[in-house]
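Chain residues, written in single-letter form:
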Amino acid sequence: MNPRPPRSSEPSVAEASAWADVLVRRRLVHAAVLAPTGQWLVQDRPDGPVRVLMGPADVVALAATIQHHTRTMRPETR
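Predicted, not measured: the structure shown is a model, and the values here were computed from it. Along each chain, the written sequence defines residue order, and numbers are assigned to residues from 1. Where totals are concerned, whole chains, interfaces and linings use all residues; where local detail is concerned, this predicted model gives features only for residues with pLDDT of at least 70, and gives and counts side-chain atom pairs only at 80 or more. Side-chain measures were taken over the full set of non-hydrogen atoms in the model, leaving aside hydrogen atoms and water.

Participant: Summarise helix 1 (residues 13–25); cite the residues concerned and give the values.
Facilitator: Secondary structure elements are defined from DSSP: runs of H or I of at least 4 residues count as helices, runs of E of at least 2 residues count as strands, and each element is numbered from the N terminus. Take the number of residues in a helix, subtract one, and multiply by 1.5 Å to get its expected span. The terminal C-alpha atoms of helix 1 lie 18 Å apart, and with 13 residues this matches the ideal 18 Å at 1.5 Å per residue to within 8%. Exposed residues in this analysis have more than 50% of their type's maximum accessible area, buried residues have under 20%, and partly exposed residues fall in between, with area computed by a 1.4 Å probe over protein chains only. All buried positions along helix 1 are accounted for by A16, A20 and L23. In an axial view of helix 1, the angular spread of the buried residues amounts to 60°, which keeps them on one side of the axis. Projecting away from the buried face of helix 1 at angles above 90 degrees are the exposed residues A14 and R25. Throughout, a contact is declared for two residues whenever any of their heavy atoms are within 4.5 Å. The inward-facing, buried residues of helix 1 contact strand 1 (31–34), strand 2 (40–43) and helix 2 (56–73). Positive backbone phi, approximately 60°, marks R27, located one or two places after helix 1. By definition, the arc is the one covered by directions from the helix axis to the C-beta atoms.

Participant: I'd like to hear about the sheet that holds strand 3 (residues 50–53), residue by residue, with values.
Facilitator: Strand order in this open sheet of 3 strands is 1-2-3, and the pairing throughout is antiparallel. Each end of this open sheet is capped by a strand with a single partner; those strands are strand 1 and strand 3. Sheet twist, expressed as the average angle between the axes of neighbouring strands with direction ignored, equals 20°. A pair of strands is considered paired only if DSSP assigns at least 2 bridges between the two. Across 4 bridges, strand 1 lies against strand 2 in antiparallel orientation. From the neighbouring strand, V33 faces strand 2, where its bridge partner is L41. Between the N-to-C directions of two axes lies an angle of 0 to 180 degrees, each axis being a line fitted to C-alpha atoms and, for a helix, fitted only over the stretch in contact. The sheet contacts of helix 2 involve strand 2 and strand 3, and relative to strand 3 the element is tilted by about 120°.

Participant: I'd like a description of the nonpolar core, backed by residues and values.
Facilitator: Note on terminology: a nonpolar core comprises buried Ala, Val, Leu, Ile, Met, Phe, Trp, Tyr and Cys residues joined through side-chain atoms within 4.5 Å. One finds A16, A20, L23, V29, W40, V42, L53, V59, L62, A63 and I66 forming the largest nonpolar core, which totals 11 residues. Ignoring sequence-local partners within four residues, the contact set of A16 consists of W40, P56, V59 and V60.

Participant: Mind laying out unusual backbone geometry, listing which residues take part and the relevant values?
Facilitator: A negative phi angle characterises most non-glycine residues, just as the trans form characterises most peptide bonds. For R27, which is not glycine, the phi dihedral falls at a positive 60°. Its relative accessible area of 76% is what places R27 among the exposed residues.

Participant: An account of the pairing of strand 2 is needed here, citing residue identities and associated values.
Facilitator: Remark: a regular strand shows side chains that alternate across the two faces of the sheet. Counted along the chain from strand 1 to the antiparallel partner strand 2, the turn is 5 residues long, and its residue G38 has a positive phi close to 95°. Here 4 bridges tie strand 2 to strand 3, and the two strands are oriented antiparallel to one another. Opposite Q43, over in strand 3, you have V50 as the bridge partner. As consecutive antiparallel partners, strand 2 and strand 3 are separated by 6 residues.

Below, the structure is given as structure tokens:
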């Protein structure tokens with residue numbers, strides 16, 4: 001598989017919000033909330049610590065990391 005080319009632009013708040021919504025709906029994280037400062041507060045489990053992500057790019061990177069982990073842990077179906 002060929003590596004993806006780098007993005008031509010930074011992720012927007014709307015894109016980060018959409019990814020955060022997907023992560024929560026799919027129960028891959030417990031909560032992801034945009035703070036008034038532009039930072040994102042993310043909690044993996046209800047009783048877990050809250051992580052602070054600095055902006056939309058960090059949310060998109062988190063989603064990519066989770067997606068990569070999910071795909072590499074899945075047994076091969078071919």
